[in-house]
Amino acid sequence: MYGWIWRHLPGNAWVRALISIVLVLAVVYVLFQYVFPWAEPLLPFNDVTVDGQ
Amino acid sequence: MTVRLVVRSLSELCITAGALVVLFVAYLLYWTGVQAADAGAAQIDTLQREWAGTPVAAAPAPARVPAPYVTGKGFAVMYVPRLGRDWEWPVLEGTGPDVLKRGLGHYARTAPLGATGNFAVAGHRRTHGDPFKDFPRLRPGDAIVLTDGTTWFTYRIDRGPYRTVPGDTAVVDPVPRKSGFDGPGRYLTLTTCDPEWGSSHRLIVWAHLDATRPVTDGRPQALGS
């Protein structure tokens, strides 16, 4: 998978490395901003009330 | 050649899954705390600016009509000296997950601050700033101080920490049965989860209103200044 991405990125090794870093940061951003906040309530750390909310 | 491809894909998948788990732990332990601290501080700032803009001398607590709280909006700041000298968190209306990630949440169906009945508040034990991390250290006699901008309310803990099950909604009743209170009064209940990282039980403390003073008279003695 990663090899496939690397082969399909344009430019020389430096440009590819730069694009890779940007891609990684974008993925981390999407995870922290959207995926993790969605996944968190599915875990038991958030149940602090007594009425099951 | 195909074996190689399968092994490589599997390895990449495992590495990706591992990185995902590590990132999620970092999110829970660190990032939710940063966000909660920011949101809490911003909320306290907003409240203090609002309070600074309104005339304080209007009316003392007993004569005041309890303001209808707006879900998701902060209306008070809580201080618990036992949990730390600079422990301060805003209290917001409602106990939904989106409210509790920004501060402490007031159970909407319970009494307003300082009124007769039970003013019940929930907070995170872990993640989102860990407001109630040291909950088990609370002892009878400890002060829980709140302000709504016009009045300081000093509650004293009577009973707790009391461990119960999540379905035990009677702990936030106007006169909680197991608290030892024997009649209507001005009570406060705090709830959080137990064990620290689990959700199988809840920890409760009960307190009664011990003293009130107008904010114009300065901070109450329980806050040490």
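Residues numbered from 1 in each chain as written. Chains lettered and ligands numbered in written order. Predicted model: local features only at pLDDT ≥ 70, side-chain atom pairs only at ≥ 80, totals over all residues. Heavy atoms only, no water.

As named in an unreviewed UniProt entry, chain A is Membrane protein, taken from Streptomyces vietnamensis.

Participant: Help me out: how do you make sense of unusual backbone geometry in this one?
Facilitator: The phi torsion of most residues other than glycine is negative, and most of the peptide bonds are trans. Residues and elements named next belong to chain B. The linkage connecting Asp194 with the following residue, Pro195, adopts the cis geometry, with an omega of -5°. Position of Pro195 relative to the elements: it lies in the loop between strand E7 (186-194) and strand E8 (201-214). Phi angles above zero are rare outside glycine, and Thr127 is one such case at about 65°. Topologically, Thr127 is positioned in the loop between strand E4 (117-122) and strand E5 (143-147). Positive phi outside glycine occurs at Asp130, with the angle close to 50°. Its location among the elements puts Asp130 in the loop between E4 and E5. Of the residues examined, Asp130 reaches a relative accessible area of 24% and is grouped as partly exposed. (Helix = DSSP H or I, 4+ residues; strand = E, 2+ residues; numbered from the N terminus. Buried < 20%, exposed > 50% of the residue type's maximum accessible area, 1.4 Å probe, protein only.)

Participant: Please clarify how helix H1 (residues 2-53) of chain B should be interpreted in this entry.
Facilitator: Because each turn of an α-helix spans 3.6 residues, side chains separated by three or four positions in sequence point in the same direction. The terminal C-alpha atoms of H1(B), which comprises 52 residues, lie 72 Å apart, in line with the 76 Å expected from a rise of 1.5 Å per residue. Along H1(B), the sharpest kink reaches roughly 40°, centred on Tyr27(B). Inspection of H1(B) places Glu12(B), Phe24(B), Tyr27(B), Leu28(B), Thr32(B), Gly33(B), Ala36(B), Gly40(B), Gln43(B), Ile44(B), Leu47(B) and Trp51(B) among the buried residues, and these make up the whole buried set. Contacts made by the buried residues of H1(B) are with helix H1 (2-8) and helix H2 (13-39) of chain A together with strand E1 (74-79), strand E2 (88-93) and E5 of chain B. (Expected span 1.5 Å × (residues − 1). Bend = angle between axes of the 7 residues up to and from the residue. Contact = heavy atoms within 4.5 Å.)

Participant: Honestly, the pattern of salt bridges in this entry has me stumped. Any pointers?
Facilitator: When the charged atoms of two side chains with opposite charge come close together, those side chains can pair. Residue and element names in this part refer to chain B. A full pass over the atoms with the stated rule returns nine salt bridges over all chains. One salt bridge connects Arg125 with Asp194, and the closest N-O pair in it is separated by 3.1 Å. Taken together, the residues Arg125 in the loop between E4 and E5 and Asp194 in strand E7 connect sequence positions 69 residues apart. The class for Arg125 is buried, based on a relative accessible area of 4%. Between Arg126 and Glu196 there is a salt bridge whose closest N-O contact spans 2.8 Å. Of this pair, Arg126 sits in the loop between E4 and E5 while Glu196 sits in the loop between E7 and E8; the two residues are 70 residues apart in sequence, bridging distant segments of the chain. (Salt bridge = Lys/Arg side-chain N within 4 Å of Asp/Glu carboxyl O.)

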